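Reading the structure
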Amino acid sequence: MHVTEHLDRAERTLFSFEIIPPPRGKTVRDIIDIVEQIAHVDPPFIDVTSHMAEAVYEELSDGSIKRRVRKKRPGTISICGIIQNRYGIETVPHLLCAGFTREETEDAIIELNYLGIENVLAIRGDQSNYTKIVRDGRTRNIYAKDLVSQLVDLREANFLENIANSEAINFCVGVGGYPEKHVESPNFKTDLKHLKAKVEAGADYIVTQMFFDNSVFMEYVRKCREAGITVPIIPGLKPIDNVRQLTTLPKHFHISLPDDLVDEITESPKHVKEIGKNWTSKQLAGLMNSGMECIHFYVMNNAAATVEIIKGVG
Ligand code: FAD
């Protein structure tokens, strides 16, 4: 079922989740444990992130440097297949522009379709220290909007090459949105213009980057509506569970943390898990009171706090 159908049919606020594949060399059991914890709160869908390849440099005993290109966290498609077919929970794999040709993306879409997956989140991805070489005759998507267009073309059975009697693939397509503006955008207005272009290209809904101040999100929704963006906007929450995140979250996700939250954790670092949980619980209550149809949790590798928070609101 499409994410948008879940939203349309929701009789109470839905809680969705985002998990990341285990690092190369670990077992799929790690992620299954997280899915089993999440399954207790009846999620309509679970997002699984995707990661592009990185270059790794290794100094050998003779002093030379060996360069290897590898994906640190492979497995997005198969994890989605397991969750969807073993647990009966809808999945939303993330598809990236960066690191993939459009031809590879079409192959991935076909695999997802065969697995019975009907939703994807179309994301550009960030630059890494590896730039994929696009060989002659191959093409790539630059911005998320280009990937949305590729997915929308398939709704009309338009594959990259003309195929006689081809069948349509009808994915529901989500895209990312940034209540505090995307870091590369010169200003908020420009960022909204690009967000609107993704929706006009055919995106069905928006999931936001994590935020820690509900008023920032509410203002974002207001500005989106004013700009003529009418699709559902799903807020993204993340409970802070260690002190390091006071620096890593702003650094990696380009978000800000409210003074009160930072002061509380800094004054009482031993209680960071409790403080983080209480903060997210208050955000959650506020968003539920304002009638959100779905709230998205970035659980990453730790679902316990999120599940407790949700159970706390009944
Ligand atoms: P886009 O929408 O393409 O926008 C990127 C930037 O380009 C913005 O500043 C935008 O304003 C600008 N822009 C857009 N179109 C144009 C244009 N035509 N001309 C000039 N500028 C333009 N990363 C991962 O690696 N894997 C994941 O699984 C993943 N999941 C995510 C899930 C969510 C919900 C979110 C919000 C982010 C996720 N990210 C993920 C991070 C994401 O890859 C980065 O934030 C990335 O920098 C932007 O991705 P985007 O899809 O928002 O890009």
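Refer to the preceding data block for the structure.
Structure report, in brief. Because the structure is a prediction, the values reported are computed rather than measured. (Residues numbered from 1 in each chain as written. Predicted model: local features only at pLDDT ≥ 70, side-chain atom pairs only at ≥ 80, totals over all residues. Heavy atoms only, no water.)

Neighbouring residues of the ligand: 23 residues in total, closest Ser50, Asp126, Tyr178, His182 and Lys198. One of the side-chain nitrogen or oxygen atoms of Tyr143 is found 3.5 Å away from a nitrogen atom of the ligand. Expressed as a share of its isolated accessible area of 970 Å², the protein-covered part of the ligand is 83%. Tallying contributions element by element places helix 6 (residues 188-201) first for the shell around the ligand, with three residues. Class assignment for the residues of the shell around the ligand results in eight nonpolar, nine polar and six charged. (Near = heavy atom within 4 Å. Polar contact = N/O pair within 3.5 Å; in protein donor to acceptor, adjacent residues only side chain to side chain. Areas by Shrake-Rupley, 256 points an atom, 1.4 Å probe, with all protein chains shown as cover. Helix = DSSP H or I, 4+ residues; strand = E, 2+ residues; numbered from the N terminus. Nonpolar A, V, L, I, M, F, W, Y, C, P; charged D, E, K, R; others polar.)

A separate point is unusual backbone geometry. Unusually for a residue other than glycine, Ala157 sits at a positive phi of about 65°. On the secondary structure map, Ala157 appears in the loop between helix 5 (144-155) and strand 7 (172-177). Given a relative accessible area of 14%, Ala157 falls into the buried group. Despite not being glycine, Lys181 has its phi angle at roughly 80°, a positive value. Look at Lys181 and you get partly exposed, because its relative accessible area is 22%. (Buried < 20%, exposed > 50% of the residue type's maximum accessible area, 1.4 Å probe, protein only.)

Looking now at the state of the cysteines. Counted under the stated rule, the structure contains zero disulfides. The closest cysteine sulfur to the non-disulfide-bonded Cys80 is located on Cys172, 14 Å from its own sulfur. Here Cys224 stays unpaired: no disulfide links it, and the sulfur of Cys294, its closest cysteine neighbor, is 16 Å away. (Disulfide = S-S within 2.5 Å.)

In spatial order, the strands read 1-2-5-6-7-8-9-10; together these eight strands close into a barrel with parallel pairing. For this sheet the average axis-to-axis angle between neighbouring strands, irrespective of direction, equals 30°. Two strands pair when backbone bridges link them, and strand 8 (residues 205-210) and strand 9 (residues 233-237) are joined in this way by three bridges, in the parallel orientation. Looking at the pairing, Ile206 lines up with Ile233 of strand 9. Taken strand by strand, helix 5 contacts strand 5 (90-96), strand 6 (119-123) and strand 7, and its axis lies near 150° from that of strand 6. Relative to strand 7, helix 6 is tilted by about 180°, and along the sheet it contacts strand 7 and strand 8. (Pairing = 2+ DSSP bridges. Axes fitted to C-alpha atoms, helices over the stretch in contact; angles between N-to-C directions. Contact = heavy atoms within 4.5 Å.)

The subject of this paragraph is the side chain of Thr190. Assignment of secondary structure puts Thr190 in helix 6. Within the structure, Thr190 has its side chain in polar contact with the side chain of Asn187 (distance 2.5 Å).

This brings us to the pairing of strand 3 (residues 53-59). Of the pairings in the sheet, the one linking strand 3 to strand 4 (residues 65-71) comprises seven bridges and is antiparallel in character. Counted as the bridge partner of Ala53 is Lys71 from strand 4.

Moving on, we get to a negative patch on the surface. A surface patch of negative charge is lined by Asp259, Asp260, Asp263, Glu264 and Glu267. Position of Glu264 among the secondary structure elements: in helix 9 (residues 259-267). (Patch = residues over 30% accessible without salt bridge, like charges linked within 9 Å, V, L, I, M, F, W, Y side chains within 5 Å. Salt bridge = Lys/Arg side-chain N within 4 Å of Asp/Glu carboxyl O. Lys, Arg positive; Asp, Glu negative; His and termini not counted. Charge placed at Lys NZ, Arg CZ, Asp CG, Glu CD.)

Turning next to the packing of aromatic side chains. Considering all chains together, one arrives at four aromatic pairs under this definition. Seen from their ring centres, Phe188 and Tyr220 are 6.0 Å apart, and the 85° between their planes marks the pair as edge-to-face. Of this pair, Phe188 sits in helix 6 while Tyr220 sits in helix 7 (residues 214-226), and the two are 32 residues apart along the sequence. Within the aromatic cluster, the residues linked to one another by ring pairs are Phe15, Phe17 and Phe297. (Phe/Tyr/Trp six-rings, centres within 6.5 Å; stacked < 30°, edge-to-face > 60°.)

Examined against the element boundaries, Val313 turns out to sit in the segment after helix 11 (304-312). Contact partners of Val313, with chain neighbours within four places excluded, come to Phe15, Leu284 and Met288.

Before going further, it helps to examine the pairing of strand 10 (residues 294-300). Every regular strand shows the same layout, with side chains that alternate between the two sheet faces. Of all seven residues in strand 10, six are buried, a share of seventy percent or more. One ladder, built from six bridges, connects strand 1 (residues 14-19) with strand 10; its direction is parallel. Across the sheet, the residue bridging to Glu18 is Tyr298, located in strand 10.

The end-to-end C-alpha distance of helix 6, which contains 14 residues, comes to 20 Å, matching closely the 20 Å that a straight helix rising 1.5 Å per residue would cover. Residues of helix 6 that are buried: Thr190, Asp191, Leu192, Leu195, Ala197, Lys198, Val199 and Ala201. Looking at the buried side of helix 6, the elements it contacts are helix 5, strand 7, strand 8 and helix 7. Its side-chain oxygen at 3.3 Å from the backbone nitrogen of Lys189, Asn187 defines the N-terminal cap of helix 6. Gly202 occupies a position one or two residues after helix 6 and carries a positive phi of about 130°. (Expected span 1.5 Å × (residues − 1).)

Once that is clear, we can look at the environment of Ala203. Its place among the elements puts Ala203 in the loop between helix 6 and strand 8. Its relative accessible area of 5% is what places Ala203 among the buried residues. In this structure, Ala203 is in contact with Val148, Val173, Val175, Lys198 and Val231, ignoring residues within four places of it in sequence.

Honestly, it's all geometry; don't read function into it.
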